[in-house]
Amino acid sequence: MSTMRMFYHPDRDSLDLASILHALSDPVRLRIVQSLAQSGELTCGAFGIDAPKSTLSHHFKVLREGGVIRTRMEGVHRIVSLRMEDLNARFPGLVQAILTVLAPKDADGDLKSDLG
């Protein structure tokens, strides 16, 4: 018999602006959110962040308990996704505005385009 690890995720209606902003207040956590915004879902080990596993686990927990990400088990892998629909329902445009500010800019300050 296998036990499934349950993760705490706040309900959409209980998402709190202060908790979300706290979760987004760290550069590593912002990188995680940027990666998820670009990739959709990723396993916990696919972020390419050079930090101890315990440190990354802490960052994922802060983001998850703040309501920014969702974590689910798929076999032995933890799959992480951005709760964009829930976040937009509670705070329309908040995460997109933050991602826009963080987006790479060219020398003129315009958003870089991958369309060359």
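This write-up is about the structure you can find in this document. (Residues numbered from 1 in each chain as written. Predicted model: local features only at pLDDT ≥ 70, side-chain atom pairs only at ≥ 80, totals over all residues. Heavy atoms only, no water.)

## Examining the pattern of salt bridges
Then, in step 1: For the coordinates displayed, the defined rule picks out six salt bridges.
Then, in step 2: Between Arg72 and Glu74 there is a salt bridge, and its shortest N-O distance comes to 2.6 Å.
Then, in step 3: Residue classification places Glu74 among the partly exposed positions, given a relative accessible area of 45%.
Then, in step 4: The network of salt bridges with common partners includes Arg12, Arg70, Arg83, Glu85 and Asp86. (Salt bridge = Lys/Arg side-chain N within 4 Å of Asp/Glu carboxyl O. Buried < 20%, exposed > 50% of the residue type's maximum accessible area, 1.4 Å probe, protein only.)

## Section: the layout of surface pockets
Then, in step 1: The space that makes up the largest pocket amounts to roughly 370 Å³.
Then, in step 2: Together, 18 residues line the largest pocket, and Cys44, Lys53, Ser57, Phe60 and Arg78 are the ones closest to its centre.
Then, in step 3: When contributions to the lining of the largest pocket are tallied by element, the ones reaching two or more residues are helix H3 (53-65), strand E2 (69-74) and strand E3 (77-82).
Then, in step 4: Considering each element in turn, the lining of the largest pocket owes the most residues, seven residues, to H3. (1 Å grid on protein atoms, 1.4 Å probe; cavity = no way out; pocket = protein on both sides within 12 Å on 5 of 7 lines; lining within 4 Å. Points joined across faces, edges and corners; volume = space filled by probe spheres on them. Helix = DSSP H or I, 4+ residues; strand = E, 2+ residues; numbered from the N terminus.)

## A closer look at H3
Then, in step 1: Here H3 contains 13 residues, and its C-alpha end-to-end distance of 18 Å stays within 8% of the 18 Å for a straight helix at 1.5 Å per residue.
Then, in step 2: Looking only at H3, the buried set comprises Leu56, His59, Phe60, Val62, Leu63 and Arg64.
Then, in step 3: In this structure, the buried side of H3 is in contact with helix H1 (17-23), helix H2 (27-39), E2 and E3.
Then, in step 4: Within two residues after H3, Gly67 carries a phi angle of roughly 90 degrees, on the positive side. (Expected span 1.5 Å × (residues − 1). Contact = heavy atoms within 4.5 Å.)

## Here's the deal with the packing of H2 against helix H5 (residues 94-102)
Two measures define how a pair of helices packs: the angle their axes make with one another and the distance between the axes.
Then, in step 1: The contact between H2 and H5 brings their axes to 11 Å, and the two run at 100 degrees. By the angle between their directions, the pair H2 and H5 is classed as roughly perpendicular. The segment H2 lies against H5, with Leu30, Val33, Gln34 and Ala37 engaging Val95, Ile98, Leu99 and Leu102.
Then, in step 2: Residue composition of the contact of H2 with H5, by class: seven nonpolar, one polar and no charged. (Axes fitted to C-alpha atoms, helices over the stretch in contact; angles between N-to-C directions. Parallel < 35°, antiparallel > 145°, perpendicular 65-115°, else oblique. Nonpolar A, V, L, I, M, F, W, Y, C, P; charged D, E, K, R; others polar.)

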